[in-house]
Amino acid sequence: MRNKCLDGMKAIAACMVIFIHIDLPGQTGVFIEALSRFAVPFFFMISGYFCYYNGKDASDRIPGKIFHIVKLMIFSMAFYFIWEISKRLVTGENLYRWIREVTDRQNIMKLLLYNSTSPLRGHLWFLPALIYCYMLDYLIERFHLRKIAFLCIPVLLGGLLWRGYFSSFFGYSYRIMEYRNWLFTGMSFYLLGQMFHEYLYWFRRKIGYITLILIMTVGIGMTIWESSQFGAKEIYVGSILICISIFLLTVLWGTRIRMPEVLTAVGAKLAFPVYLFHLAVGDMMRVLAVAGNFEDNLAYLWIRPFAVCVFTIGMIALVYRICSFWEKYDIVDILSKQFGLWRKGSPL
């Protein structure tokens, strides 16, 4: 039975990603961006949770998931490659230099090692990272190492928090790609999702609904305090508490939480397209703002992330509606019969 609460949370998490990349002005924007940092780990947890197979066919199913994400990654990178070329042709930026940067050997190595897609679009790192998670999970299942993998979760989370959070307090610094990658961010939360699936009934007996609400509240308070004290970071201790508590709330007690139908519909079908296309919509809105000379207008800055969210969902929903109409009425066949250009079933 489909978990509509989880679908709703996927929609909320996808919108939170927008608030990471297109922030609100002032201190409010800092807090909202910090609170939104749970979103990407949440998607890794969902991927791990639904890639849990308690049977001999586990390693047989994972290659299909890898192939699916590879197709999405190729499409996404091709889309933004064409998009960035189009932008530079319109704005007159140096296209040749950008292509050299994207295809530079060093940047390709960063993509292969750390999943860094910054020369193209930074948010695409999630896709190669997820592919690596599936590949490692395939080996884990193949050699029956799941219990050992679960023991690595505290080590991976510790590495993530050290590199992305605590190291700066001791004078060390790491590049973002050295902890926002398939290993520290990806596998830590991916394996958490699988562990929660395996011990689902234990967690249901031991952790109550109210307890998870309290943990989430503490996580929200900690995240706001951490961001006010230490500034913007990729991960907070509070982010981990928020992510885990929200995930467990949705999978353990989702039947108690009523989500608006619009959120469940968006989460079920549109969460990934929203994640993928929101920056392109943001680019279009920026062009309009510059053309209208209101890019620094305070009202615009407050409305911008909400407008990007609404327009992204609306445009994707419209495309889905057109495609479903096309498929339902077989428009190609109707036009071919009308104009005699092509008959359904012909070799062409």
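All figures in this text were calculated on a predicted structure; none of them were measured in a lab.

K.L.:
Give me the lowdown on the side chain of Arg304, citing residues and values where you can.
P.N.:
Within the secondary structure, Arg304 is located in helix H16 (residues 298-329). At a separation of 3.4 Å, a polar atom in the side chain of Arg304 contacts the main-chain carbonyl oxygen of Asp23. For Arg304, the contacting residues outside a window of four places in its chain are Ile22, Asp23 and Met285.

K.L.:
Please give an account of the nonpolar core that cites residues and values.
P.N.:
Judged by nonpolar contacts, the single largest core of 99 residues is most densely connected at Phe42, Phe44 and Phe189. Element by element, the count of residues in this core is highest for helix H1 (residues 4-21), at 11 residues. Look past the residues within four positions of Phe42 in its chain and what remains in contact with it is Leu6, Met9, Lys10, Ala13, Cys243, Ile246 and Phe247.

K.L.:
Can you tell me about the pattern of salt bridges, naming the residues and giving the values?
P.N.:
Here the structure, examined in full by the defined rule, presents 15 salt bridges. A salt bridge links Arg88 to Glu84, with the nearest nitrogen and oxygen atoms 2.5 Å apart. Highlighted residues: Arg88 and Glu84, both in helix H4 (residues 58-91), separated by 4 residues, approximately one helical turn. Side by side, Arg88 and Glu84 carry an identical accessibility label, which is buried.

K.L.:
Explain the packing of aromatic side chains to me, using residue names and the numbers behind them.
P.N.:
For the coordinates displayed, the defined rule picks out 32 aromatic pairs. Ring geometry for Phe38 and Phe42: centres 6.2 Å apart, planes at 70°, overall edge-to-face. Taken individually, Phe38 and Phe42 each receive the classification buried, so the pair is uniform in this respect. Between Phe79 and Tyr80, the ring centres sit 5.0 Å apart and the planes meet at 90°, which makes this aromatic pair edge-to-face. In this structure Tyr80 comes out as buried when scored by relative accessible area, which is 0%. Over the aromatic face of Tyr165 sits the side chain of Lys233, whose NZ or CZ is 5.8 Å from the ring centroid.

K.L.:
Outline helix H12 (residues 209-230), listing residues and values.
P.N.:
For H12, which comprises 22 residues, the first-to-last C-alpha distance of 31 Å matches the rise-based estimate of 32 Å (1.5 Å per residue) to within 8%. For H12, the full list of buried residues reads Leu212, Met216, Gly219, Thr223, Glu226 and Ser227. The buried residues of H12 occupy an angular sector of 95° when projected down its axis, which confines them to one face. Facing away from the buried side of H12, by more than 90 degrees, are the exposed residues Ile210 and Leu214.

K.L.:
Summarise the environment of Leu127; cite the residues concerned and give the values.
P.N.:
Position of Leu127 relative to the elements: it lies in helix H7 (residues 126-142). Note on Leu127: relative accessible area 3%, which makes it buried. Once the C-alpha coordinates of Leu127 and Lys71 are considered, the two residues, 56 residues apart in sequence, prove to be 10.0 Å apart. Look past the residues within four positions of Leu127 in its chain and what remains in contact with it is Ile69, Leu72, Met73, Ser76 and Phe272.

K.L.:
Tell me about the environment of Ile213, and please be specific about residues and values.
P.N.:
Here Ile213 shows up in helix H12. Taking C-alpha positions, Ile213 is 22 Å from Gln194, a pair spaced 19 residues apart along the chain.

K.L.:
Give me the lowdown on unusual backbone geometry, citing residues and values where you can.
P.N.:
At His144, a position not held by glycine, the phi torsion is positive, near 55°. We classify His144 as exposed; its relative accessible area is 71%. For Asn293, which is not glycine, the phi torsion reads 60° and is therefore positive. Relative to the helices and strands, Asn293 resides in the loop between helix H15 (271-291) and H16.

K.L.:
Account for the packing of helix H2 (residues 26-35) against H12, with residues named and values stated.
P.N.:
To characterise two packed helices, one gives the angle between the axes of the helices and the distance between these axes. Between H2 and H12, the least distance of the axes is 9 Å, while the angle of their chain directions is 130°. On the basis of the axis angle, H2 is oblique to H12. Remark: the crossing between H2 and H12 carries right-handed chirality. Contacts between H2 and H12 involve Gln27, Val30, Phe31, Ala34 and Leu35 on the former and, on the latter, Ile220, Thr223, Ile224, Ser227 and Ser228. When grouped by side-chain class, the residues that make up the contact of H2 with H12 number 6 nonpolar, 4 polar and no charged.

Rules of the game
- Residues numbered from 1 in each chain as written.
- Predicted model: local features only at pLDDT ≥ 70, side-chain atom pairs only at ≥ 80, totals over all residues.
- Heavy atoms only, no water.
- Helix = DSSP H or I, 4+ residues; strand = E, 2+ residues; numbered from the N terminus.
- Polar contact = N/O pair within 3.5 Å; in protein donor to acceptor, adjacent residues only side chain to side chain.
- Contact = heavy atoms within 4.5 Å.
- Core = buried A, V, L, I, M, F, W, Y, C linked by side-chain atoms within 4.5 Å.
- Buried < 20%, exposed > 50% of the residue type's maximum accessible area, 1.4 Å probe, protein only.
- Salt bridge = Lys/Arg side-chain N within 4 Å of Asp/Glu carboxyl O.
- Phe/Tyr/Trp six-rings, centres within 6.5 Å; stacked < 30°, edge-to-face > 60°.
- Lys NZ or Arg CZ within 6 Å of the ring centre and 35° of its normal.
- Expected span 1.5 Å × (residues − 1).
- Arc of directions from axis to C-beta.
- Axes fitted to C-alpha atoms, helices over the stretch in contact; angles between N-to-C directions.
- Parallel < 35°, antiparallel > 145°, perpendicular 65-115°, else oblique.
- Left-handed = near helix turned anticlockwise from the far one by under 90°.
- Nonpolar A, V, L, I, M, F, W, Y, C, P; charged D, E, K, R; others polar.

Purely spatial values, then, with no claim about function.
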